[in-house]
Amino acid sequence: MPLKKKIVIIGCGPGSESYITPAARAAARQADVLIVSRRLKDLFPDVAVERIDSGTDVDGIIDTMAARREEGRQVVLLATGDPGIASLAQPVIRRFGREQCEVIPGISSVQVAFARLALDWQDVRIITACSLSPEAAAGDLKSAGKIAVLGGKEGAIRWTAELIPMLGGDRRVFLCEDLTLVNERIREVHPGRLREVPVPARAIVLIIERDLLP
Ligand SMILES: C[S@@+](CC[C@H](N)C(=O)[O-])C[C@H]1O[C@@H](n2cnc3c(N)ncnc32)[C@H](O)[C@@H]1O
């Protein structure tokens, strides 16, 4: 029986090569198999090993990872940003167990968004749009001074535009697009106008109480 190696989960940053840590690069070089999303499929070109698209079938890809691991191969899962936010890391860790996984943190798009506003973020509420109805989310989020909504798809922006008036208070809205990439753009949007703004797939909406911005 080949020795089973830990599953390694690597945070790869928000997109730019310069936001990938040396620890992430070193861990990727140890891979026998890379599990990649569409966005990360060309990352680490010097790592010439089997690459498997993570696709949309979560149980299916975890079964594939388990099978490669049974063969004694080092399976490495690439996650965008940090694996701790909206990634495959949690279902993978649930399946293999914490002791059988090693997580290499990455720079999250949320971190970069707050850095661009020069604002601290220890109290941010991070949500993935479309996971709940805006009404349900608003009840829970009213007291949050800082909210980061992930998801640049049209449905997500509509969802966020409906959420904002339900939150009440005086809030400013910032669109953070293509962070760390050549097209990066940070702009303030009138809360009532968000719905009309075209947004790329890589976007975060920050909703910040006016008084919290220096
Ligand atoms: C599946 S989540 C993964 C988040 C990731 N784990 C992280 O820590 O950044 C994907 C969402 O992250 C945000 N995102 C990822 N990369 C981004 C970038 N370069 N610029 C803006 N938002 C980004 C977008 O909201 C996108 O829809």
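Q: Please give an account of the layout of surface pockets that cites residues and values.
A: The probe, sized like a water molecule, is rolled over the atoms to show the empty space still left. There is about 1,300 Å³ of room inside the largest pocket. Taken together, 40 residues form the lining of the largest pocket, with Ser37, Arg39, Thr80, Ala86 and Lys153 sitting closest to its centre. Taken together, the elements giving at least two residues each to the lining of the largest pocket come down to helix H2 (58-70), strand S4 (75-79), helix H4 (109-116) and strand S10 (203-209). Here the lining of the largest pocket gets three residues from one element, more than from any other, and that element is S4. For the lining of the largest pocket, the residue count by class is 20 nonpolar, twelve polar and eight charged.

Q: Lay out the sheet that holds strand S6 (residues 125-128) in plain terms, naming residues and giving numbers.
A: One open sheet holds the five strands; their spatial order is S6-S7-S10-S8-S9, and the pairing between them is mixed. The two strands at the open ends of the sheet, each matched to only one other strand, are S6 and strand S9 (185-189). With direction set aside, neighbouring strand axes in the sheet form an average angle of 20°. Pairing of strand S7 (residues 146-150) with S10, which is carried by five bridges, proceeds in the antiparallel orientation. Bridged to Val149 within S10 is Val205. Against the sheet, H4 engages S6, S7, strand S8 (171-177), S9 and S10, with an angle of about 50° to S10.

Q: Account for the site of the ligand, naming residues and giving values.
A: In the vicinity of the ligand there are 18 residues, among which Ile85, Ser108, Ser109, Gly151 and Ala203 approach most closely. Between Asp82 and the ligand, the recorded distance is 2.9 Å, taken from a backbone N or O atom to a nitrogen atom. Among the residues making up the shell around the ligand, the classes are represented as nine nonpolar, six polar and three charged.

Q: I'd like to hear about the sheet that holds strand S1 (residues 7-11), residue by residue, with values.
A: Strand order in the open sheet made by the five strands is S3-S2-S4-S1-S5, with parallel pairing throughout. Each having just a single partner strand, strand S3 (50-53) and strand S5 (101-104) make up the two edges of the open sheet. On average, each strand axis in the sheet is inclined to that of its neighbour by 20°, with strand direction left out of account. Where S1 lies against S4, four bridges are found, and the strand directions are parallel.

Rules used throughout
Residues numbered from 1 in each chain as written. Predicted model: local features only at pLDDT ≥ 70, side-chain atom pairs only at ≥ 80, totals over all residues. Heavy atoms only, no water. 1 Å grid on protein atoms, 1.4 Å probe; cavity = no way out; pocket = protein on both sides within 12 Å on 5 of 7 lines; lining within 4 Å. Points joined across faces, edges and corners; volume = space filled by probe spheres on them. Helix = DSSP H or I, 4+ residues; strand = E, 2+ residues; numbered from the N terminus. Nonpolar A, V, L, I, M, F, W, Y, C, P; charged D, E, K, R; others polar. Pairing = 2+ DSSP bridges. Axes fitted to C-alpha atoms, helices over the stretch in contact; angles between N-to-C directions. Contact = heavy atoms within 4.5 Å. Near = heavy atom within 4 Å. Polar contact = N/O pair within 3.5 Å; in protein donor to acceptor, adjacent residues only side chain to side chain.

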